[in-house]
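Commentary on secondary and tertiary structure
One-letter residues, chain by chain:
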Amino acid sequence: MQNLGIRFPDLLIWFPLIAGLACFIMRDEKKSRAWALFSSFITLGISVASWLNAGNPELNGLTFSYEWLKYSGVNFAVSLDGMGRLLTGLTAIAFPVIFISTYRNSYKNASVFFGLMLLAQSGLMGVFCATDALLFYFFWELALIPVYFLCSRWGGEKRIQATFKFFIYTFTGSLLMLVGIIYVYLHTVPTAFSEHSFSMRAFHAALLSPTEQNWLFWLFFIAFAIKMPVFPFHTWQPDTYEQAPAATTMVLSGIMVKMGLFAVIRWLLPVFPLAVVHFDKAVIILSVIGMIYASLLAMKQDDLKRLVAYSSIAHIGLMSAAIFTLKEVGMQGVMFQMFSHGINIIGMWIIIELLERQTGIRKISELGGVAHKAPVLTIMLVVIALANIALPLTNAFVGEFMMFSSLFSYNVWIATIAGISIILAAVYTLNMVQKVFYGETVPVTALIRDIAWHEKFILAVLVLIIFVLGVFPKPVIDLTLESVKAALTRFS
Amino acid sequence: MNNVLQLVWLIPVLPLLGFLINGLGRKHLSKGLSGLIGSGTVLGSLVISILVFLSVKNGNTPVIHYFDFINAGSLKIGFDFQVDQLSSLFLLIITGVGFLIHVYSTSYMHEEEPKDFAKYFAYLNLFVFSMLLLVMGANYVIMFIGWEGVGLCSYLLIGFWFRNNNYNNAAKKAFVMNRIGDLGFLLAVFWLINKTGTTDFQGVFAGISKLTTTDITGITLLLFVGATGKSAQIPLYTWLPDAMAGPTPVSALIHAATMVTAGIYMIARSNILYSMAPVTQAVVAIVGLSTAILAATIALRQNDIKKVLAYSTVSQLGYMFLGLGVGAYTGAVFHVMTHAFFKALLFLGAGSVIHAMSGEQDMRNMGGLKKYMGITHLTFLLGCLAIAGMPPFAGFFSKDEILAAVYAKNPVLWGIGVAGAMMTAFYMFRLYAMTFLGKFRGTHEQEHHLHESPMAITIPLMVLTLLSVVGGWVGIPEALMKGGHHFAEFLAPVFAQSDAITVKHTMTHSTEYMLMIVSVSLALVTLVYAWMKFSKYEKTDKEETGIGKVLENKWYVDELYQTMITRPIQFMSKYFNEVLERKGIDGFVNGVGKAVNYGSRQVRLLQSGQVGAYVLLMVLGILVLFIIQLFL
Amino acid sequence: MEIKYYIGLAVALFCIGVAGVLTRRNAIIIFMCIELMLNAVNVLLVAFSKMHALSALGKAMPSVVSDGQLFVFFIMVVAAAEVSVGLAIIVMMYRNVHAVDVNFLNRLKN
Amino acid sequence: MMLGGAFIKDRRTPVYLGIGGLLAILAACAVELKTGRPLLVIDVKDMLHANSFNLTFIMVALGCTLLYFLLNGRDFEKVGPHVSEYFALIFFILCGVSIVATFNTLLMLFLGIEIISIPLYILTGSDKRNLKSNEAALKYFLMGSFSTGIMLLGIAFMYGGNVMGTFFINNMNLGSGPMPALIGVGLVLLMVSMSFKVSAAPFHFWTPDVYDGAPTVFTSFMASIVKVASFFAFVRLFESAFGTLQSQWQTLVAVITAATLIIGNLTAVFQQSVKRMLAYSSIAQAGFMLLALFALNDTAKEGLVLYAAAYSLATIGLFAVLVKMKDYTVDGFNGLSKQQPLLALTVTIFLLSLTGIPLTAGFQAKFYMLWAAIQNGHHFWLVILAVLCAAISAYYYFRIIQAMYFRENSETVMNEWDITPSFKYLLLITAVLIIVLGIFPNLVIDWLHY
Amino acid sequence: MSITEILFWFLTAMALGSAIMVITSRSPVHSVLWLIVTFFAISGHYIMMNAQFLAIVNIIVYAGAIMVLFLFVVMLMNLNAESEPQKNRMLQFAGLLAGGCLFLVILASLMKATETSSMVQLGSGNEGLIKNLGKALFNDYVIPFEISSVLFLSAMIGAVLIGKKEKAEHDGN
């Protein structure tokens, strides 16, 4: 394998890309669906192989990169470190899960749909692997475009408006980031090879005065904040989640929001350490306001998707706050939680999707008593919902515990206020569970059947992951140790 | 004996296995089998617990490390169990009482469908598992896992009959209130991590010198917040009476014998911290006492048999906290034990009654059950005597120990405490009299149906009665019998550190005698009064008025919370949702779009189509450029 | 004469032309005003060329002296070409709408 | 060393001859660039001056024109019967384009611009029966002449102001001290007139009306090749003549750029007609290209070539499709993806490129512009404004994409008989070119480094 | 004041005055005539500056050919004073104001300049003579000269293309 010069990050990016393009050519819905599923499994296989070969720097692209754009010093530099491995792993797991759970859905122009999904996967992989700033930006956008088309084409009634808002919003943010990237690029230290460079290492060593860092920080952060999304940049999210087709929503909420967090850790902290120290409080306060705010809003949502969307905003708020505590514990918690949140929220969406497919309804007030008809579904939901509110022995607890712990050592009061969201999360989650699943059945739910075996299987896998990581989180925590240390080196 | 300690992990794992088997195989298991699995696993735990207890008694109090749970940066949390006197005692209570209740349940829940039956036992096992985790954990995090776990099981079991939305609401209320407390607990844990770098009990207590007084006070107060949630103290007590929506054995197990005592366990476990924080101790004592009195007053006018018991539980828990607050850790733990016996007994007895009455819980529709249900009646009566603190029943010893300690600290508190004890006697015998004495006030159908409960119900009753009667004899006060307090001796190592720093108020034996006589006689008087008054109870439609009405409506505390907390939050969230989010933030975002659109429309008008205007604008542009170039 | 008088003259003529463009509505007159502007430039160029010629006497810059005037020549060439095309366009316009009023041209706007 | 302008001779008529000629010139340029030796030397007295920068640009322009002919050749017939004349005029314009790309004296600049303008007036008015076309021609003509006057006044002042008394832009020796008053006036006036040519605000008013009124085939040419040629002239003029004084006029450019970006993008948002929208978008794109003038460094020049290619390709492609549309409004595109999936795909790529989405040439072009502007280091707010405007541009470009893909239409939206397979493949090639340039912009930029 | 200066001021006044008349005359025909007067004045300036060639060309080509063309078109269209309705007063005023401002601003920007006091030598110099100009034109300026042929060619084609009456037009109407 070494002789062939094949590297895992390359494979992870190119394989879905090629598979996606191949998918476009297929005319047949069944074939393209099967192909998408198959290729997502292969990607998963590649990812697993990369976990197994974690110790080999050559295979993980740490030693070498291809020159791409000669004059601007852009290299096709991709590599997998612990954090990258974690998130590519999440992506690799998520796609088969998504494909299986939505296997029954039928789409117009299915080949295009699946092709775009695979392209999005490729973009996401690229974001998590890129160690060249411009390359990173490329993938950042590349992940966005397919999602835009997916949402606008196959989404709900108001999809066009909602998606458009989402698109313009994120596009604005990323353009600002582009300006920042170029600015930093122009302040990188010249090397023997080129005057300036977009490589991550060069960015880390860029010569930036405190003032420059301060405003560059915001250029980057706004882009990331929109993606995450952090209050008050979040308003696109509920609309988009509501309107997007289920599979895309899963990609969006399960993986894409992690792009923002990932980017903060990978590109913001090490490049602008002074600004980060300067603005950490501001960001944390914003995030915490967002947590409470989103939790309160979630209480009032009648649409399942919107509820989950707001709860996701609250969770992301905690993660972004924890990042900015700049503590190893918090950062580890974020890493862990990025993975956990991905798993949990995809589980949530799967269940909502299953419900909606059978009843055609997402309104909490119009549903009820599902538990009688679909007990397995209910059990899965309850487990996932409980993981969502971070009950101990589920994966989310581990992450949130670490993050809160870090936040507490940062500031007692902020942590206390943030902690209120734990209570609110319980309120809205249990409300939802109660109204949808408990109580007497209503006419629309009377005909519900329990889930099919493949859905059961997928959910069981997710639940298993939830518990295994909840009890024995050590492997994942150890995995990201180096990345966390690397992200924090400039703060010690 | 070390061999036994190698089995410690089995204690929680057995119920977990039971949970898994019952939970996953619920569709395939027959009722008998799932009942057997449920009870059997707990029995297994009980056996091991007894062995462990014996081992501990011989001085084996190890901390057993299994694996690293969270290991990140400076934070190291192991999955560790601690086996010492306190935890082994609780193990016994949990598995023992738990086992009895499992047995009881096999009969009580027999009318459920097999899969629901299995589900019930799965939940119950899960609860036992969580509770065991809670008391066995060697650090606050493992304790917290159990802590939240029991909250979850309580939620699941209260809402067991999930068709009924009132039950669901009660379940939710329980969970949320618990969560409020849990937040306090969590914050305390973070505080500990922050200051001492560890959550291990031993580590924290060893490193207590690193903590300032503020730290200790803060941590202990926060922990106490957690305890108020779990153990239903003011201000978070209102969930417990509502929790009676669950099946009665659940109420007995969770809401009387075990889970609600978690708070006491936790404070007893952290006794050193509390001993070093007098402010917190005062708070604990006052909160405990107020809860005891408040709940007792409410219990005076409740008509639901389970509600009375529930308030009585709250009240008794208040006593325990009072004990903790004055530093009588042993007394509090002692009371936990005795209370577990007689309250479980009472609940199970009530369950037996309800079972016989086909689900009827209103005491006004009962009466005269004495002649139909001999065993239940007798055991219940003994239980009532125990809770009322009549010697030589268990309640007398434990309550007396707490009250004595309170008197030593502050006689006024003692006075109030005694008043509470009188009320206890009153409402318990009101309950007893209304239920078992007088003549039957229910429907004919019910009357026809009345019967003594089956063996699976009566045997646990009898065992518990036995324990209620003799359970107190392990802790006979010095005044009555020299060296009679085996209980205190056993627990002494746990509280050694705090005993060393607390100021001892020694009392003469005569004072103690006097206290006992006063409290017992007062209780006796009220007991008799209640007996006389309610044995001839007749149903009336008369509305309660005045203070009676306030008591019947539980001091309107729920309504107060509703207006003070729930409504504002609801309002806020509504406001955020409808105004701030839509019109504010999203409005702003959309506003930017609208502004662009508006700007577009306006700028468009510049393009008037008139050449003259275009040229004019061009010339103006030239002028502007000139001015910029020249003057700027 | 000092060059500034020529500059003044040229700029004045030019601005009169501009004012004419701005105030009149007849396309032909507007066009004439533009011609006026061009002529103003011509005057200026010739004046400058004379000015440079004077200063070039002392230096050795033989090629520059007639540059300005040749430029004027080319301006005239271009102006002639423009006139032919411009008048053709105006005539075409007139044929279609029977007016040469520029205010009439408002189909294209916004 | 005078490198000849072997390419400034005009070719008259037939289409094939024209295309053949173009190919020949293109090859000549390529050889010249590669080898550094001209094929044919004409003594131009240094009035024209070719280097790798403007030769590359001429190649781009010629290539685009070639593509333009191939795509639109048949559509000329729709405008009127004088096809050969139209071709002739376009070749004249190309001649002008070559001149303005290589001019070395203000006289050649003036002549070149006039050679471009005069045929354009005619082409604009070539649809004689169409009142809009007439109106556009007259407006264009009047305003164009007016701007010519301004330019000439500017040239006159430049002539008078430089001590050398010369029109040669590289001989003016303006130094880098504070500029003389005459030069200052000349500079502003020149800037105004050049801004007019590149349709920068507030001198852009002719653009929407003319682009809208002119026959669509010619709008395509006007909006693409002619426009970027004017840009080259603009940059070349200000670099050679005023490069040393940059700090003194940079604020002016910044103001013009900002105004252009804002007005172009803002106005485009509300347009219903795609043609008119593209007119405004071309103003907006001009705003971006002005960043090259603003920055005026090597990066800017490289970027400008790239921008020229990216922008021209996308614009020509879009207009080629637009010509075939029945209805020019945004709603006219409804359901295109169903009826002509390939065309819809190419249009999408063109639009994405104009928006500046990565992996398209448009992104690389914008990237270079931003890079250059940031490298310049002054007026950073302009860069932020530019990207915000780019975000606005996504708004109106994506409306077309939405119309094509997400809306339905029962009627046919295109003149089906008009769409030949070769047309489709050419469009596809254009789209592929855009993407290839987006991934390997070096294909263009390398030429600058020979 | 020397004679040249008197002449200068006279010609200047004439040029400006007639220019103003151009833009204020109601009748297009008058405007054309006034413009011719302006051109004559300008030619006078050329002669004063010894640029005889330009003076001649100006009179022959401009005043003669071009303006006659104008006049011809005006007559052809039968435009008279009444045919042009007055512009909006405001706009007119704004136009005047803008023109005036432009004048002032340009002058103001030249105020401080020192080079504006350079002299223009009147009535001497030979660079404006036909011989010299011709030499320069066919040596140094051969390329622009050639290129202007392209210009004319395109103008010719254009004028024909635009001016020709379309057959289709007749058929259509």
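Residues numbered from 1 in each chain as written. Chains lettered and ligands numbered in written order. Predicted model: local features only at pLDDT ≥ 70, side-chain atom pairs only at ≥ 80, totals over all residues. Heavy atoms only, no water.

**Thoughts on the interface of chain C and chain E**
Each partner contributes residues to the interface: chain C has 70 residues there, and chain E has 82 residues. Taken over both partners, the interface formed by chain C and chain E buries close to 6,800 Å², and the fraction arising from carbon and sulfur atoms is 76%. When the area that chain C buries against chain E is broken down by residue, the three leading residues are C:Met1, C:Met32 and C:Lys50, summing to 11%. For the pair chain C and chain E, the interface holds zero salt bridges. Linking chain C to chain E there are five residue pairs in polar contact (both at pLDDT 80 or more). Looking at side-chain class alone, the side of chain C that touches chain E contains 49 nonpolar, twelve polar and nine charged residues. (Contact = heavy atoms within 4.5 Å. Buried area = accessible area lost by both parts, 1.4 Å probe. Salt bridge = Lys/Arg side-chain N within 4 Å of Asp/Glu carboxyl O. Polar contact = N/O pair within 3.5 Å; in protein donor to acceptor, adjacent residues only side chain to side chain. Nonpolar A, V, L, I, M, F, W, Y, C, P; charged D, E, K, R; others polar.)

**With respect to the pattern of salt bridges**
A complete count under the given rule lists 27 salt bridges over all chains for this structure. Taking the shortest distance from any N to any O, the salt bridge between A:Glu353 and A:Arg357 comes out at 3.6 Å. On the criterion of helical spacing, the pair formed by A:Glu353 and A:Arg357 is a turn pair, its members being four residues apart in helix α13 (residues 328-359). In this structure, B:Lys230 engages B:Asp182 in a salt bridge whose closest nitrogen and oxygen atoms are separated by 3.9 Å. Separated by 48 residues along the polypeptide, B:Lys230 in helix α9 (residues 213-230) and B:Asp182 in helix α7 (residues 165-196) bring together distant segments of the chain. For the pair formed by B:Lys230 and B:Asp182, the shared burial category is buried. Linked by salt bridges that have partners in common, A:Lys165, A:Asp239, A:Glu242, A:Asp303, A:Arg306, A:Glu356, A:Arg362 and B:Asp586 make up one network. (Helix = DSSP H or I, 4+ residues; strand = E, 2+ residues; numbered from the N terminus. Buried < 20%, exposed > 50% of the residue type's maximum accessible area, 1.4 Å probe, protein only.)

**Let's talk about the interface of chain B and chain A**
Counting from both sides, the interface comprises 52 residues of chain B and, opposite them, 57 residues of chain A. For chain B, the biggest contributors to the area lost against chain A are B:Arg163, B:Arg179 and B:Phe190; these three give 13% of the whole. Taken together, the connections running from chain B to chain A amount to two salt bridges. In this structure, A:Lys165 engages B:Asp586 in a salt bridge whose closest nitrogen and oxygen atoms are separated by 2.5 Å. Linking chain B with chain A are 17 residue pairs in polar contact (both at pLDDT 80 or more), by the criterion used here.

**Details of the domain arrangement of chain B**
Segmenting chain B into domains produces domain 1 (1-138), domain 2 (173-368 + 375-542) and domain 3 (561-631). The C-alpha centroid of domain 3 of chain B is placed 64 Å from the C-alpha centroid of domain 1 of chain B. (Domains from an automatic or database assignment.)

**A look at the arrangement of the chains**
Where eight pairs of chains are in contact, the pair with the most contacts is made of chains C and E. Structurally, chain A and chain E remain out of contact, their C-alpha atoms never closer than 37 Å.

**Description of the side chain of B:Asn139**
Residues and elements named next belong to chain B. Its place among the elements puts Asn139 in the loop between α5 (114-136) and α6 (140-158). Of note is the side chain of Asn139, whose polar atom sits 3.0 Å from the backbone oxygen of Gly78. Each residue touching Asn139, except ones within four places of it in the same chain, is listed here: Ile77, Gly78, Thr199, Asp200 and Phe201.

**A closer look at a nonpolar patch on the surface**
Where nonpolar side chains cluster on the molecular surface, the patch consists of B:Leu43, B:Val47, B:Ile50, B:Leu51 and B:Leu54 and spans about 360 Å² of accessible area. Residue placement: B:Leu51 occurs in helix α3 (residues 31-57). (Patch = residues over 30% accessible without salt bridge, like charges linked within 9 Å, V, L, I, M, F, W, Y side chains within 5 Å. Areas by Shrake-Rupley, 256 points an atom, 1.4 Å probe, with all protein chains shown as cover.)

**Describing the packing of aromatic side chains**
Tallying each qualifying case throughout the model produces 130 aromatic pairs over all chains. Seen from their ring centres, A:Phe136 and A:Trp267 are 5.2 Å apart, and the 35 degrees between their planes marks the pair as tilted. Here the residue A:Phe136 occupies a position in helix α5 (residues 133-154), and A:Trp267 occupies one in helix α10 (residues 246-268), the gap between them amounting to 131 residues. Per residue, the accessibility class of A:Phe136 equals that of A:Trp267, and both read buried. Relative to D:Phe363, the ring of A:Tyr137 has its centre 5.5 Å away and its plane inclined at 20 degrees; by these criteria the two rings are stacked. Here A:Tyr137, found in helix α5, pairs with D:Phe363, found in helix α15 (residues 361-376), and the two come from separate chains. D:Phe363 carries the same exposure label as A:Tyr137, and that label is buried. Across from the ring centre of A:Trp154, 5.4 Å away, lies the NZ or CZ of A:Arg153, which sits over that ring. Above the face of the D:Phe288 ring, D:Lys366 is positioned so that its terminal group lies 4.9 Å from the ring centre. (Phe/Tyr/Trp six-rings, centres within 6.5 Å; stacked < 30°, edge-to-face > 60°. Lys NZ or Arg CZ within 6 Å of the ring centre and 35° of its normal.)

**Quick notes on the side chain of D:Thr260**
All names here are of chain D. Inspection of the secondary structure assignment puts Thr260 in helix α10 (residues 246-269). A distance of 2.9 Å separates the side chain of Thr260 from the backbone nitrogen of Ala201, its partner in a polar contact. A polar contact is formed between the side chain of Thr260 and the backbone oxygen of Ile256, at a distance of 2.5 Å. Once residues lying within four places of it in the same chain are set aside, the contact partners of Thr260 are Ser199, Ala200, Ala201, Asn265, Ile283, Ala284, Ala286, Gly287 and Leu290.

**Quick notes on a positive patch on the surface**
Taken together, A:Lys158, A:Lys363, B:Arg582 and B:Lys583 make up a surface patch of like positive charges. Within the secondary structure, A:Lys363 is located in the loop between α13 and α14 (370-373). (Lys, Arg positive; Asp, Glu negative; His and termini not counted. Charge placed at Lys NZ, Arg CZ, Asp CG, Glu CD.)

**Observations concerning the environment of A:Gln121**
Residue and element names in this part refer to chain A. Mapped onto the elements, Gln121 comes out in helix α4 (residues 110-129). Here Gln121 falls in the buried class, since its relative accessible area comes to 0%. In this structure the C-alpha to C-alpha distance between Gln121 and Leu12, which are 109 residues apart in sequence, comes to 9.0 Å. Here Gln121 is in contact with Pro16, Thr43, Thr91, Ala92 and Phe95, once residues within four sequence places are set aside.

**Observations concerning the packing of helix α4 (residues 85-108) of chain B against helix α16 (residues 329-356) of chain B**
All names here are of chain B. The contact between α4 and α16 brings their axes to 11 Å, and the two run at 5 degrees. Considering their axes alone, α4 and α16 lie roughly parallel with respect to each other. Where α4 abuts α16, its residues Leu86, Leu89, Phe90, Ile93, Val97, Ile101, Tyr104, Ser107 and Tyr108 lie against Val333, Val336, Met337, Ala340, Phe341, Ala344, Leu348, Gly351, Ser352, Ile354 and His355. Across the contact of α4 with α16, the residue classes break down as 16 nonpolar, four polar and no charged. (Axes fitted to C-alpha atoms, helices over the stretch in contact; angles between N-to-C directions. Parallel < 35°, antiparallel > 145°, perpendicular 65-115°, else oblique.)

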